[in-house]
Amino acid sequence: MKPFLRPTSRARLAPVGWTSEPAGQWAGREVEVVYDPSQHQIVLCRNDPGDHMRSELADAGYRRYATDGTQEMWVRDKAASADAALARSTDRSQHRPAAGLEARGL
């Protein structure tokens, strides 16, 4: 299940282990964001973040999830982000030069 925005006027139930946090005005309505804090990280940009910030968020593993034309909600899945970081570090370690043991006659 993915995080979501909902009007604060709706029922307050959320999946077990999930939480809801006030998110302010979104498309003219008062909303809250509902997410699993053990699995997701949320960034709400109140104004246009610009291309540089969008690029930085994407590089950090966030994906733009929602927009109301002015504001944007970005979500990062912690597990997927950790897997990607591990894959990047594994790729880098495979391209490192050999330790040079043969150069020492070992």
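Scoring rules and cut-offs
Residues numbered from 1 in each chain as written. Predicted model: local features only at pLDDT ≥ 70, side-chain atom pairs only at ≥ 80, totals over all residues. Heavy atoms only, no water. Salt bridge = Lys/Arg side-chain N within 4 Å of Asp/Glu carboxyl O. Helix = DSSP H or I, 4+ residues; strand = E, 2+ residues; numbered from the N terminus. Buried < 20%, exposed > 50% of the residue type's maximum accessible area, 1.4 Å probe, protein only. Core = buried A, V, L, I, M, F, W, Y, C linked by side-chain atoms within 4.5 Å. Contact = heavy atoms within 4.5 Å. Pairing = 2+ DSSP bridges. Axes fitted to C-alpha atoms, helices over the stretch in contact; angles between N-to-C directions. Polar contact = N/O pair within 3.5 Å; in protein donor to acceptor, adjacent residues only side chain to side chain.

Draft legend 1. Examining the pattern of salt bridges more closely. In this structure the tally under the stated criterion is five salt bridges. Across the salt bridge formed by R6 and E32, the nearest N and O atoms sit 2.6 Å from each other. Residue R6 is found in strand β1 (residues 4-7), and its partner E32 is found in strand β3 (residues 29-35); the two are separated by 26 residues along the sequence. Neither residue differs from the other here; R6 and E32 are each classed as buried. The shortest N-O distance in the salt bridge between R54 and D48 comes to 2.6 Å. Classification of R54 as buried rests on a relative accessible area of 19%. Accessibility expressed as a relative area gives 53% for D48, which makes it exposed. Residues joined by salt bridges that share partners form a network here, namely D48, D51, R54, R64 and E72.

Draft legend 2. Up close: the nonpolar core. Residues A23, W26, V31, V33, Y35, A66, M73 and V75 constitute the largest nonpolar core, which totals eight residues. Of all the secondary structure elements, the ones that give two or more residues to this core are β2 (19-26), β3 and β6 (72-77). It is β3 that contributes the most residues to this core, three residues altogether. In contact with A23, other than residues within four places in its own chain, are L5, V31, E32, V33, L44 and R46.

Draft legend 3. Quick look at the pairing of strand β5 (residues 63-67). Alignment of β5 against β6, held across four bridges, turns out to be antiparallel. By the bridge assignment, R63 is partnered in β6 with V75. From the end of β5 to the start of β6, which pair antiparallel, there are four residues, and G69 there has a positive phi angle of about 100°.

Draft legend 4. Spotlight on the sheet that holds β1. One open sheet accounts for three strands, arranged β1-β3-β2; its pairing is antiparallel. With partners counted over all chains shown, the strands left at the sheet margins are β1 and β2, one partner each. Within the sheet, the average angular offset between the axes of one strand and its neighbour, ignoring direction, is 35°. Judged from the four bridges that link them, β1 and β3 form a sheet pairing that is antiparallel. Looking at β3, one finds that L5 is bridged to V33.

Draft legend 5. Geometry of the environment of R46. For R46, the location among the structural elements is in the loop between β4 (40-45) and α1 (50-59). You can call R46 partly exposed: its relative accessible area is 39%. Along the sequence, R46 and T70 sit 24 residues apart, while their C-alpha atoms lie 7.1 Å from each other. In contact with R46, not counting residues within four places along its chain, are A23, G24, Q25, T70 and Q71. Reaching out from R46, the side chain makes a polar contact with the backbone oxygen of A23 at a distance of 2.6 Å. Within the structure, R46 has its side chain in polar contact with the side chain of Q71 (distance 2.8 Å).

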